[in-house]
Amino acid sequence: MKNCIFIYLGVILALVFQTCLTSPVPDSGDSPSAEDKQLNEHNKLYKEVLKEFTDFTIEMSEDFLEFTTKITEEIKQNNELPDIEHPNRRQLEFTKALEHVKSSEGDHTLLNMYKLTEDVLEATRTLDDPKFLTEEREKLIEKYKIREFMNKIRERYMKFYESLSKAVDVYADELSETQKQEQHKLLDWNKDFSETKDFRSKTDKFADFFDFFKPCCEDL
């Protein structure tokens, strides 16, 4: 695990959400169509959440990739990690995954964003691992403010998740009693999701949202 926090540095910048998800609100004077409320890929809530998730993944990844490149260059100039390549394999994989997200659609987009999310979780696990935190590594983490950065990532994720829960609540208010009964699994999921406070557990549950409408990656 030597110096692995910086190997992951190019990846942990992938999924950062700085603004909140917009709750779905029907257009003034227009009642939602039946298709908008079916649990499929045409559902209004599904399309809005997927668009927000994709747009912010791309936007924030591009911004923070620029920051990552700057930090990597500083590490190289200071010769602090002479035993790794610059750019390292993780950074190259991150860049490739981002390009796939920007160019693909549907299941492929979700699959690549899930991969980026897993890399983020792996980075947080590394920071929380007592076996990893030697004195030398702590100095590097402090110098490059890695822990502060990861805390901001957690905060932004949690704000995004909170906005998602509110969006589902608004969606539920628009459903008839019959529709609520038919979609009770989604509504039950949201109740459990909103009550989950642990970052890792909440992130794992988040991936289940899209499967209610269109199960991901069945043919991949």
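The structure under discussion appears in the preceding block.
Residues numbered from 1 in each chain as written. Predicted model: local features only at pLDDT ≥ 70, side-chain atom pairs only at ≥ 80, totals over all residues. Heavy atoms only, no water.

Regarding helix 5 (residues 135-143)
Okay, so step 1: What helix 5 keeps buried is the set Arg-137, Leu-140 and Ile-141. Across the axial projection of helix 5, the buried residues extend over an arc of 100°, all falling on one side. Exposed side chains of helix 5 directed beyond 90 degrees from the buried face belong to Glu-135, Lys-139 and Glu-142.
Okay, so step 2: Trailing helix 5 by a residue or two, Lys-145 shows a phi angle of about 55°, which is positive. (Buried < 20%, exposed > 50% of the residue type's maximum accessible area, 1.4 Å probe, protein only. Helix = DSSP H or I, 4+ residues; strand = E, 2+ residues; numbered from the N terminus. Arc of directions from axis to C-beta.)

Some thoughts on the nonpolar core
Okay, so step 1: Formed by 44 residues in total, the largest nonpolar core has its most connected members in Leu-45, Phe-53, Met-150, Leu-164, Phe-206, Phe-209 and Phe-210.
Okay, so step 2: For this core, the secondary-structure elements that each account for two or more residues are helix 2 (44-77), helix 3 (89-103), helix 4 (106-127), helix 6 (146-173), helix 8 (184-195), helix 9 (199-206) and helix 10 (208-211). (Core = buried A, V, L, I, M, F, W, Y, C linked by side-chain atoms within 4.5 Å.)

What about a negative patch on the surface?
Okay, so step 1: A contiguous patch of negative charge, built from Asp-198, Asp-204, Asp-208 and Asp-211, is present on the exposed surface.
Okay, so step 2: Tracing the chain through its elements places Asp-211 in helix 10.
Okay, so step 3: On the basis of relative accessible area, Asp-211 is assigned to the partly exposed category, the value being 35%. (Patch = residues over 30% accessible without salt bridge, like charges linked within 9 Å, V, L, I, M, F, W, Y side chains within 5 Å. Areas by Shrake-Rupley, 256 points an atom, 1.4 Å probe, with all protein chains shown as cover. Salt bridge = Lys/Arg side-chain N within 4 Å of Asp/Glu carboxyl O. Lys, Arg positive; Asp, Glu negative; His and termini not counted. Charge placed at Lys NZ, Arg CZ, Asp CG, Glu CD.)

Things to note about the packing of helix 6 against helix 9
Okay, so step 1: Between helix 6 and helix 9, whose axes approach to 11 Å, the crossing angle comes to 45°. Classed by the angle they form, the pair helix 6 and helix 9 counts as oblique. Handedness of the crossing formed by helix 6 with helix 9: left-handed. In this structure, helix 6 contributes Arg-154, Tyr-157, Met-158, Phe-160, Tyr-161 and Leu-164 to the contact, and helix 9 contributes Phe-199, Lys-202, Thr-203 and Phe-206. (Axes fitted to C-alpha atoms, helices over the stretch in contact; angles between N-to-C directions. Parallel < 35°, antiparallel > 145°, perpendicular 65-115°, else oblique. Left-handed = near helix turned anticlockwise from the far one by under 90°. Contact = heavy atoms within 4.5 Å.)

Things to note about the packing of aromatic side chains
Given two aromatic rings, their pairing is described by the distance between the two centres and the angle made by the two planes.
Okay, so step 1: Counted under the stated rule, the structure contains 17 aromatic pairs.
Okay, so step 2: Residues Phe-206 and Phe-210 carry aromatic rings whose centres are separated by 5.7 Å and whose planes lie at 80° to one another, so their mutual orientation is edge-to-face. Each member of the pair, Phe-206 together with Phe-210, is buried.
Okay, so step 3: The ring of Phe-193 has Lys-202 lying over it, and the distance from NZ or CZ to the ring centre is 4.3 Å. (Phe/Tyr/Trp six-rings, centres within 6.5 Å; stacked < 30°, edge-to-face > 60°. Lys NZ or Arg CZ within 6 Å of the ring centre and 35° of its normal.)

Observations concerning the environment of Ser-103
Okay, so step 1: With respect to the secondary-structure elements, Ser-103 resides in helix 3.
Okay, so step 2: Judged by relative accessible area, Ser-103 falls into the exposed class, the value being 60%.
Okay, so step 3: Within polar-contact distance, the side chain of Ser-103 engages the backbone oxygen of Glu-99 at 2.9 Å. (Polar contact = N/O pair within 3.5 Å; in protein donor to acceptor, adjacent residues only side chain to side chain.)

Observations regarding unusual backbone geometry
Okay, so step 1: Backbone geometry at Asn-79 places phi at a positive 55°, although glycine is not the residue there.
Okay, so step 2: Mapped onto the fold, Asn-79 is located in the loop between helix 2 and helix 3.
Okay, so step 3: Owing to a relative accessible area of 52%, Asn-79 belongs among the exposed residues under this scheme.
Okay, so step 4: Here the phi dihedral of Lys-145 falls at roughly 55°; this positive angle occurs in a residue that is not glycine.
Okay, so step 5: Examined against the element boundaries, Lys-145 turns out to sit in the loop between helix 5 and helix 6.
Okay, so step 6: Assessed through its relative accessible area of 52%, Lys-145 is described here as exposed.

Considerations on the pattern of salt bridges
Okay, so step 1: Under the counting rule described, the total for this entry stands at 14 salt bridges.
Okay, so step 2: The salt bridge involving Glu-135 is made with Lys-139; its shortest N-O contact spans 3.8 Å. Of the two residues, Glu-135 and Lys-139 are both situated in helix 5; the distance of four residues between them amounts to about one turn of the helix.
Okay, so step 3: Its salt-bridge partner being Lys-205, residue Asp-192 comes within 2.9 Å of it at the nearest N-O pair. Of this pair, Asp-192 sits in helix 8 while Lys-205 sits in helix 9, placing them 13 residues apart in sequence.
Okay, so step 4: Taken together, the shared-partner salt bridges in this structure form one network comprising Glu-118, Glu-122 and Arg-125.

Topic: the packing of helix 6 against helix 8
Okay, so step 1: Remark: helix 6 packs on helix 8, axes separated minimally by 10 Å, with the N-to-C direction vectors making an angle of 150°. For helix 6 against helix 8, the interelement crossing comes out left-handed. In this structure, helix 6 contributes Tyr-161, Leu-164, Ser-165, Val-168, Asp-169, Tyr-171 and Ala-172 to the contact, and helix 8 contributes Leu-186, Leu-187, Trp-189, Asn-190, Phe-193 and Ser-194.
Okay, so step 2: Looking at side-chain class alone, the contact of helix 6 with helix 8 contains nine nonpolar, three polar and one charged residues. (Nonpolar A, V, L, I, M, F, W, Y, C, P; charged D, E, K, R; others polar.)

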